[in-house]
Structures are given as C-alpha cells and as structure tokens.
Amino acid sequence: MNQTENIQSADWQQDHGNFNLRKAVGTLLSYWPRFIFCVIIGLLIAYLYLRYTKPVYIVKAKILIQNDKTGSLSDAIVLDGLGIKNKGNSIENEVEVFKSRALMEHVVRSMQLNVSYYTTGRVKMLEVYNGKPFNLTFCPMYEDSVIGKGATYKILLTANGYELTQGTQKIPGKLGDTISLATGMACITKVPGANWVAGDEFLIVVSTINATTNGYMGALNASPISKNVSMINLSFGTVLPEKGEAVLNNILNTYLSDNVKNKNRIADSTISFIDNRLELVGGELTTVEKQIENFKKSNDLADIKSQSTALVASNSTYDEKINSQELSLSVVESLEKYLQENIHNTKVVPPTLSIPDANLTSLIARYNELELNRNRLLMSSTEDNPVVKNIDDELNSMRLDMLSDISAVKRSLLVALGKLNNTARKIDVEMREVPAKERVYLEYSRQQSIKQELYLFLLKKREETAIAKSSTIADARVIDNARADGNPISPKRSQIFLIAIALGIILPAASIYVESVLNNRVLKKDDISNNTQAPVIGEIGHSPDDKDVVIHTGSRTVLAEQFRSLRTNLQFVISGKGDKVILITSSMSGEGKSFIAINLANTLAISGKKVLLMELDLRKPKISKTLGLDSSLGFSNYIIGQIPLDKIIVPSGLDKNFVVMPCGPIPPNPVELIMLTKTEELFAELRREYDFVIIDTAPIGLVTDAQLLAAYADTTLYVVRQGYTYKQQIVSANDLYVKQKMPRFSMVVNDIKTARGGGYGYGYGYGYGYGYGGGYGYGYGAYSNGYFDEKKSTGLIKRILNSFKGNA
C-alpha cells in the first residue's frame, strides 16, 4: 500500500463499528415520507378511537367512620400467634366491607343493574339510564333465573304497547303484561313522566348477576384518606355519570342500613331472651298469687295475730337476703342454660342482665365484641378464612371459660344461700309456735315476693334494651354524596394523540431498523465502509431511462457528471506516465461492469484520450451486443494467431477516440487463452498505441479470469451495485484489497437510487475520494437546480409509496 492507503486503513479501523448519530438521523430523515404517512394514519386512528370510544367518568363520595375502633386484644393474640402483625384498624375493615361481594350483589339486585338499555347509532350503541321510557322487571319468583345466562332483546315502541324481538321470534305486548323470556318471566312498564315515542327502537341487554357484580366490583375503589383520619374515599368508574351517582349512593345507603342492622343484633337477642324469661316467671308468679288467694279464702286470714308481727319483722331481713341470692342464682342458672343450649352456635350473649361477678360481666362483653368482629369479617370472606377459624376457636374457648366462671359463681351463691337458709330454718323453728295457717301464709308471701321482684327486674331490662335499640344509629356518616366529575378520566385526548404521534414515529423507525438488520445486500454507504477498507472513487446513479450509454459530448445530466468525477478521481490513482490499463470486475454478473466500462471509456475519449475497451469477459460478453458491433472476430481469434491485431479493433460508434476489441467467438478454455505468452505481448503493444486500455473482464467472485488479467493492469475498479451486491461479497473484496491481490484496488458504486435507505448523501452522493485529491463530489440533489438537465422529481404520493419499498 502507498502512504495514502495506509492513512485510509487506519481511519477505517478507527471508525469501524462506532455508532454515528448523524448518519443514523440522516438515514431516518431519508424516509420522511414513510414517517409522515404513519403519523397521519396514527392521528386518523386516534381520532376514530376518540370518536367512537365511550368516555369513562369518575364518581366520588366520602364517608366518615365515627367509631375508630381497633381490633380486640384476642384478635391481636391470634394474629401474633400466626406470625401476622395486626396493623389494621376499623377503617381498613370498613374498606373491605365496601369492597365485599355481598354488598355489591345486594346493590345489583336491588337496582336490577344486570339489565341495561341502549339506543342504536350508526356505529356504536349508547346506553340510556335516566332518559329511558320503560323498565323491564323480572318477577320476584324468577329473579334468580338470569343467573348463569344472559340475552339481548330488541324492542320497538308502538302506540299501544311494544313489540319485543327474542332471536327470530317477535313478541307483541302491552305495558304491564307478564311475558315469558329466555331469561325468565318479566314485565315491561312505562317510566312515569317519560316521553313515549312510537317507532323508537331500543336494545335490552340482560347479563348474569355474577358477571354484573364482578364488573361493578372492578369499577369500585375504596381507600382511607390517611392513617390519622377515620374517613374513606369512594370512587366509581362509569360511562354514565348519572348512573354511577345512583349506584354509589345506593352502596352508601346499603352500607349504613347494614351497619344499623348489625348493631341491633345484640339488642334483638337480649329482648328475645328476656321475653322468654318473662313468660316463664310470669306464669310462676300467677301460680303463687292464685295459691295465696285460695289460701286466704279457705283459711280466712284477713286478721293476722299481733304476736306474729315481731317474728315476721325478724325474719324480714333474712328473707330479703335470701330473695337477693335466689334472684342472682336464677339469673346465673338461666345464663348457664342459655350457653349450654347454644354451645356450638355463634350467638351473642345478652349483656344487660345484672350478674354478681365483674369478671364474668367483662368476659361476656369481650365475647360479644369478638362475635361482632367475626360477623363483620364474614361479609368480605368465608368461614374457611384462617382468621375466622381462629376467632371461632377463641369463641369456643371463651364459652367454656364463661361456663366455668358461671359454675364458680353458682357455687358461691349456693354456699351463701345455704348459710342464709340455715339461719332462716332457725327462725322457722321459732315460728312453729305461730299458728300453722300464718306460717303457711308467710311462705306463700315469700315466694310471691321473689317472683315479683324477678318479674319487675326483667321488665325493667327489656324496656331499657328497647329504648337503646330505638335510638341506634350507624357508626358512619356520609360527608359527600356521590358526584361525578365534569371531565372524563379516559380516554385522554392529548395523551392519545401523543401516543399516536409517538407510534407514527417509532413504528416506521423500527421497521427501518428491522429492514436494515435483515437486509444482506448493499443499500447504503455504511454497508461498504463497514465491511472494507478499499476506497470508493466513484458513485454512479440509477439511469432513469435504462440507457446503456449515458454520456455524450455536451451531456449535462447528473450521470454524465458522475462519470466525469470518476474520470477525475482516476487521475489520482493512475498518475504515473506508464499507468494506462484499467481492469473492471465485480463479484457476480449483473452488477454493471459493462455499463461502467462503456461509459468510462467514452468519458475518457471525450476528453481527447485514445481509449481501447477490451471485451475480455470471455464467458458472457455484453459490450459488442450493447454497442451493436460485430463480434465474430476478436480477442480469441487474435490470441491463437488466426488474425492480426489491426483486424480485431473496431470503432465504438460513440467517439472517434473510442475503439473496441470484441471478444470474438466464445472459447471453451478462456483461462488457458489468457495464460498464453501472446497475451503479454498484446498488452505491451496496446500500451504503446493507446492512452488508456480498459479491460471488461469476468466477475472475480465466480472465475479466476480477472486475477490472471490483473498482472497486466495498473489499477482495478471493483463494481458494486446498490441493492444487488451482497454484503458478504464486500468482505471478500476487502480481502483482495488488504492482501494486494489486485493492483491499486478501488471501488465504484453503481445504480445508486436517490437517498435509498438513507444511503449516499444528498441526491446522488458525496463522490467519496478518500484521499485521491479529496473529491467529495458536487453535492447533487436539492441544490443542483439549473446545473443539470434532469426530469422533474417524483410526486409526494409516489415517494411515500416508494419509501415502503426502500426508495424515496
């Protein structure tokens, strides 16, 4: 290599593989029609999407939980035992209640949200809620018939009723009539005050309760405002703001109603227990009173002897104590019986009765609180939940503890009652002196007093419980009722258009990148420069008329100027006085060797040089046929001595200084002919006779003809055709250059289409140079107006279509 070539090799090694942002941007900009087309299509799709997509509105509400309770101590113990930290409070529990399926299903059923009404438009259906003129209602006994299946009905309003279409069946009907549908028995009624217009059509879509509930649960969101505020934000996404407001308000009302019902469960249980005891104690009291009445009548006890007054007064104190103990014992026994009868059931224990043991009273209160927590958890989970099971185990344990405490209290009451009875018996012994009738009467009176006090106690507790129940209010208060935002949350117009523009840029850029990665042919400048160090001294554009000869005297076309540029660059390659022979080859047939050879020879001839073009592609000659020359006599005849040299050189018909040596008859042994000694003599004589000798030889990638002829050449032009030559063949050409197998190896890029794939610069390219005089061409393209005789540029639509084919 000479010094210039060494510098080029070093530069190539330094730049090879480095990412060039400017080139990448230039490549993308060369496909600008494709980008514009994709952006326009993206914006059109975005517009259609926004035009026919139903906007989603957000409906918001706010509720205050007034009792900010934390979980019970037993809950914490159970959760800690499971290795779970109980960080939740009552606010989080209420959030889960709002998200529970039971609550949403109740709302769906109460509002019949599984039935939707639509009006049909040209493209999409519009749901109607407040403005619908009728309602379809399923009969109560068929209310669950829609579970597991759904249907769509078409209804046409008439003057006296309607006509409902079920599949292919048309069902005429009148308002209020019960009709049989695939989803059950239903009736259609007019909405009061609605405008009934005969001829209007609607669609009725009946969905399953399960599917509808799932959909509305997905649209509902509940979350606490913060950890320090016992307030919950509720939001609901819907395409109909008025329907969303109605649904969210119904959810709030249902929640508050359930909250009150849950609080009344204890009062209802207590009242039921007291009513049962009142019935029993009332019967016993009536029996005792009748016995006293009969005893007085039969024994005439209107006047009691004065001597019994002192004894009765003495016995009065003990009677009161015994009555108090028996009352407490009766309450404890009743509570023990109640627990034993419900040992395996989860029911609250009446807490309002007086029990003479503070520990037992506290245990009952804790039991009822745990029972309520269990019921609350069941609203958002099942009995198989580990937390629920742990609560059940704790409830069972607490019931056993309560029974154990009741037994201890009962024993202590029995002991105290026994002592009082012993004292009372002593007094009874003294009372034996009292007449028997008076003693019996006193016994009846004592029994009456016990029953009466118990009865009055139960009446008092029942009244207190009833008053407490009547004043029960929910532990929550609605702060803000449901209200929809004025603007939809989706789709967002600006965001959709930005996405459309982004996709309109990203998708074509990705397609260009994929095309570049999958492409194995030379399309752009980098495909050559990244695979070889060999210089490119000429770039020849695409011939729009497919002419074989594109340069003549006075030609002002871009192609003519490109061949003139190639001629100029050759002067720096073969600057020596004896350098005359130019070998033109390529990697395979069809890359334009003959085209380059003919026009390069004509370009040199126009400049006043004597030029000989040798048609030495002895296997597939094209030059003679292209120029319309007689090729019956030529090189193959001369080299075997059949004819002298002057007989095989013929005028080209293009320029007086341009002559051609045809191939002659195609020989069976081209390589052997080239290797003859006479070939060397021929080139020696041609060097003396002509200023330039151009050899058009066979492709070097297929046969060895070019390598044999390289011994007689001063420089080699390797033709590469854009969109035709494989990248791997450029790598093979680089091996020829690096190992100096061909003299002064240079490349000529042929058939360059304008900015194809972002390739060869502005217009038809830079005109490389690489040190051979610096010639970077003329920058043909947008700035060449007036300098060349060219046709008008391609139209925009055609350029857009060509951009998808790789041509701009």
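I will try to describe carefully the structure that is included in this document.

Parameters and conventions
- Residues numbered from 1 in each chain as written.
- Predicted model: local features only at pLDDT ≥ 70, side-chain atom pairs only at ≥ 80, totals over all residues.
- Heavy atoms only, no water.
- Helix = DSSP H or I, 4+ residues; strand = E, 2+ residues; numbered from the N terminus.
- Buried < 20%, exposed > 50% of the residue type's maximum accessible area, 1.4 Å probe, protein only.
- Contact = heavy atoms within 4.5 Å.
- Areas by Shrake-Rupley, 256 points an atom, 1.4 Å probe, with all protein chains shown as cover.
- Pairing = 2+ DSSP bridges.
- Axes fitted to C-alpha atoms, helices over the stretch in contact; angles between N-to-C directions.
- Salt bridge = Lys/Arg side-chain N within 4 Å of Asp/Glu carboxyl O.
- Arc of directions from axis to C-beta.
- Phe/Tyr/Trp six-rings, centres within 6.5 Å; stacked < 30°, edge-to-face > 60°.
- Lys NZ or Arg CZ within 6 Å of the ring centre and 35° of its normal.
- Expected span 1.5 Å × (residues − 1).
- Core = buried A, V, L, I, M, F, W, Y, C linked by side-chain atoms within 4.5 Å.
- Left-handed = near helix turned anticlockwise from the far one by under 90°.
- Nonpolar A, V, L, I, M, F, W, Y, C, P; charged D, E, K, R; others polar.
- Parallel < 35°, antiparallel > 145°, perpendicular 65-115°, else oblique.
- Patch = residues over 30% accessible without salt bridge, like charges linked within 9 Å, V, L, I, M, F, W, Y side chains within 5 Å.

1. Points about the overall build of the protein
Line of reasoning, step 1. Of the regular secondary structure elements, the protein holds 23 helices and 21 strands.
Line of reasoning, step 2. With 808 residues in all, the protein has 45% of them scored as buried.
Line of reasoning, step 3. For the protein, restricting intrachain contacts to residue pairs at least 6 apart in sequence, the fraction spanning at least 24 positions comes to 79%.
Line of reasoning, step 4. Of the roughly 41300 Å² that the protein leaves accessible, carbon and sulfur atoms contribute 53%.

2. Side note on the sheet that holds strand β12 (residues 229–238)
Line of reasoning, step 1. The strand order β11-β12-β1-β13 describes an open sheet built from four strands, whose pairing is antiparallel. This sheet does not close on itself; its edge strands, each paired only once, are β11 (220–226) and β13 (476–484). The average angle at which neighbouring strand axes cross in this sheet is 20°, direction not considered.
Line of reasoning, step 2. Where strand β1 (residues 57–65) meets β13, six bridges bridge the pair, whose relative direction is antiparallel.

3. Description of the environment of Gly 541
Line of reasoning, step 1. Locating Gly 541 in the fold gives a position in strand β14 (residues 536–541).
Line of reasoning, step 2. Residue class for Gly 541 comes out buried when judged on its relative accessible area of 2%.
Line of reasoning, step 3. When the C-alpha positions of Gly 541 and Ala 560 are compared, they lie 9.7 Å apart, and in sequence the two are 19 residues distant.

4. Focus on the pattern of salt bridges
Between side chains of opposite charge, pairing is possible as soon as their charged atoms come close.
Line of reasoning, step 1. If you walk through the whole model with that rule in mind, you get 17 salt bridges.
Line of reasoning, step 2. The salt bridge involving Glu 284 is made with Lys 451; its shortest N-O contact spans 2.7 Å. You can see Glu 284 sitting in helix α8 (residues 241–299) and its partner Lys 451 sitting in helix α12 (residues 436–470), a full 167 residues away along the chain.
Line of reasoning, step 3. Between Asp 735 and Lys 741 there is a salt bridge, and its shortest N-O distance comes to 3.3 Å.
Line of reasoning, step 4. A relative accessible area of 26% places Asp 735 in the partly exposed class.
Line of reasoning, step 5. Within the structure, one salt-bridge network assembled from shared partners comprises Lys 593, Asp 617 and Asp 696.

5. What to know about the sheet that holds strand β2 (residues 115–120)
Line of reasoning, step 1. As summarised here, the arrangement of the six strands in space is β3-β2-β10-β5-β6-β7, forming an open sheet in which the pairing is antiparallel. Each having just a single partner strand, β3 (125–128) and β7 (169–173) make up the two edges of the open sheet. Ignoring which end each strand starts from, the neighbouring axes of this sheet average 30° apart.
Line of reasoning, step 2. One ladder, built from six bridges, connects strand β5 (residues 151–157) with strand β10 (residues 201–206); its direction is antiparallel. Bridging across to β10, Thr 152 finds its partner in Val 205.

6. Notes on helix α7 (residues 209–219)
Line of reasoning, step 1. Along α7, the residues classified as buried are Ile 209, Thr 212, Thr 213 and Tyr 216. Viewed along the axis of α7, the buried residues span an arc of 100°, placing them on a single side of the element.

7. Regarding the packing of aromatic side chains
Line of reasoning, step 1. Enumeration according to the criterion identifies eight aromatic pairs in this entry.
Line of reasoning, step 2. Summarising the aromatic geometry, the rings of Tyr 718 and Phe 745 are spaced 5.4 Å apart at their centres and angled 40° between planes, so their arrangement reads as tilted. Separated by 27 residues along the polypeptide, Tyr 718 in strand β20 (residues 715–721) and Phe 745 in strand β21 (residues 745–752) bring together distant segments of the chain. The exposure classification of Tyr 718 matches that of Phe 745, with both residues buried.
Line of reasoning, step 3. The ring of Tyr 690 carries the charged tip of Lys 610 above its face, separated from the ring centre by 5.3 Å.

8. Things to note about helix α22 (residues 727–738)
Line of reasoning, step 1. With twelve residues, α22 extends 17 Å between its outermost C-alpha atoms, agreeing within 8% with the 16 Å of an ideal straight helix rising 1.5 Å per residue.
Line of reasoning, step 2. Every buried residue of α22 is listed here: Lys 727, Gln 729, Ile 730, Ala 733, Asn 734, Leu 736 and Tyr 737. The arc that holds every buried residue of α22, seen down its axis, measures 155°, which confines them to one face.
Line of reasoning, step 3. In the segment just after α22, Gln 740 is the residue with positive phi, at about 55°.

9. Quick look at unusual backbone geometry
Line of reasoning, step 1. One non-glycine residue, Gln 740, lies in the positive phi region at around 55°.
Line of reasoning, step 2. Its place among the elements puts Gln 740 in the loop between α22 and β21.
Line of reasoning, step 3. Phi at Asp 751 takes a positive value of approximately 60°, unusual for a residue other than glycine.
Line of reasoning, step 4. On the accessibility criterion, Asp 751 (8% relative accessible area) is buried.

10. Digging into the environment of Gly 592
Line of reasoning, step 1. On the secondary structure map, Gly 592 appears in the loop between β15 (581–586) and α16 (593–606).
Line of reasoning, step 2. Separated by 129 residues in sequence, Gly 592 and Arg 721 have C-alpha atoms that sit 7.1 Å apart.
Line of reasoning, step 3. If near-sequence neighbours (up to four positions away) are discounted, Gly 592 is found in contact with Val 719 and Asn 750.

11. Considerations on the nonpolar core
Line of reasoning, step 1. Within the largest apolar cluster, 45 residues are counted, with the highest numbers of intra-cluster contacts made by Met 614, Met 661, Leu 686, Phe 745 and Met 747.
Line of reasoning, step 2. The residues touching Leu 686, leaving out its near neighbours within four places in the chain, are Leu 612, Met 614, Leu 645, Met 661 and Val 693.
Line of reasoning, step 3. Listed in part, the 34 residues of the second largest apolar core include Ile 537, Ile 540, Ile 694 and Leu 717.

12. Looking at the pairing of strand β19 (residues 692–697)
Line of reasoning, step 1. Most of β19 sits inside the fold, with six of its six residues counted as buried.
Line of reasoning, step 2. The sheet contact formed by β15 and β19 spans four bridges and is parallel. Bridged to Val 581 within β19 is Val 693.
Line of reasoning, step 3. As paired elements, strand β16 (residues 611–616) and β19 share six bridges and run parallel to each other. Its bridge partner lying in β19, Met 614 is registered against Ile 695.

13. Thoughts on the packing of helix α6 (residues 101–111) against α7
Each packed pair of helices is defined by two parameters, the angle between the axes and the distance between the axes.
Line of reasoning, step 1. For the pair α6 and α7, the least separation of the axes is 9 Å and the interaxial angle reads 115°. You can see that α6 and α7 cross each other, and the crossing is right-handed. When α6 is examined against α7, the residues Arg 101, Met 104, Glu 105, Val 108 and Arg 109 are found in contact with a partner set consisting of Ile 209, Asn 210, Thr 212, Thr 213, Asn 214, Tyr 216 and Met 217.
Line of reasoning, step 2. Here the residues of the contact of α6 with α7 are counted per class, giving five nonpolar, four polar and three charged.

14. As for the pairing of β11
Here is the key point about a regular strand: its side chains alternate between the two faces of the sheet.
Line of reasoning, step 1. Where β11 lies against β12, six bridges are found, and the strand directions are antiparallel. Bridge pairing in β12 links Leu 220 to Phe 236.
Line of reasoning, step 2. Between β11 and the antiparallel strand that follows it, β12, lie two residues.

15. Observations regarding the packing of helix α15 (residues 558–573) against α16
Line of reasoning, step 1. Closest axis-to-axis distance for the α15/α16 pair is 9 Å, and the angle between their directions is 75°. Overall, the two elements α15 and α16 adopt an arrangement that is roughly perpendicular. Note on element contacts: α16 touches α15 through Phe 595, Ile 596, Asn 599, Leu 600, Thr 603 and Leu 604, opposite Phe 563, Arg 564, Leu 566, Arg 567 and Leu 570.
Line of reasoning, step 2. A class-by-class count of the residues in the contact of α15 with α16 yields seven nonpolar, two polar and two charged.

16. Remarks on a nonpolar patch on the surface
Line of reasoning, step 1. Residues Phe 37, Ile 41, Leu 44, Ile 45, Tyr 47, Leu 48 and Tyr 52 make up a contiguous nonpolar surface patch of roughly 630 Å² in combined accessible area.
Line of reasoning, step 2. Inspection of the secondary structure puts Phe 37 in helix α3 (residues 32–52).

17. Some details on the environment of Gly 628
Line of reasoning, step 1. Mapped onto the elements of the fold, Gly 628 is located in the loop between α17 (623–627) and α18 (635–639).
Line of reasoning, step 2. Taking C-alpha positions, Gly 628 is 8.7 Å from Ser 652, a pair spaced 24 residues apart along the chain.

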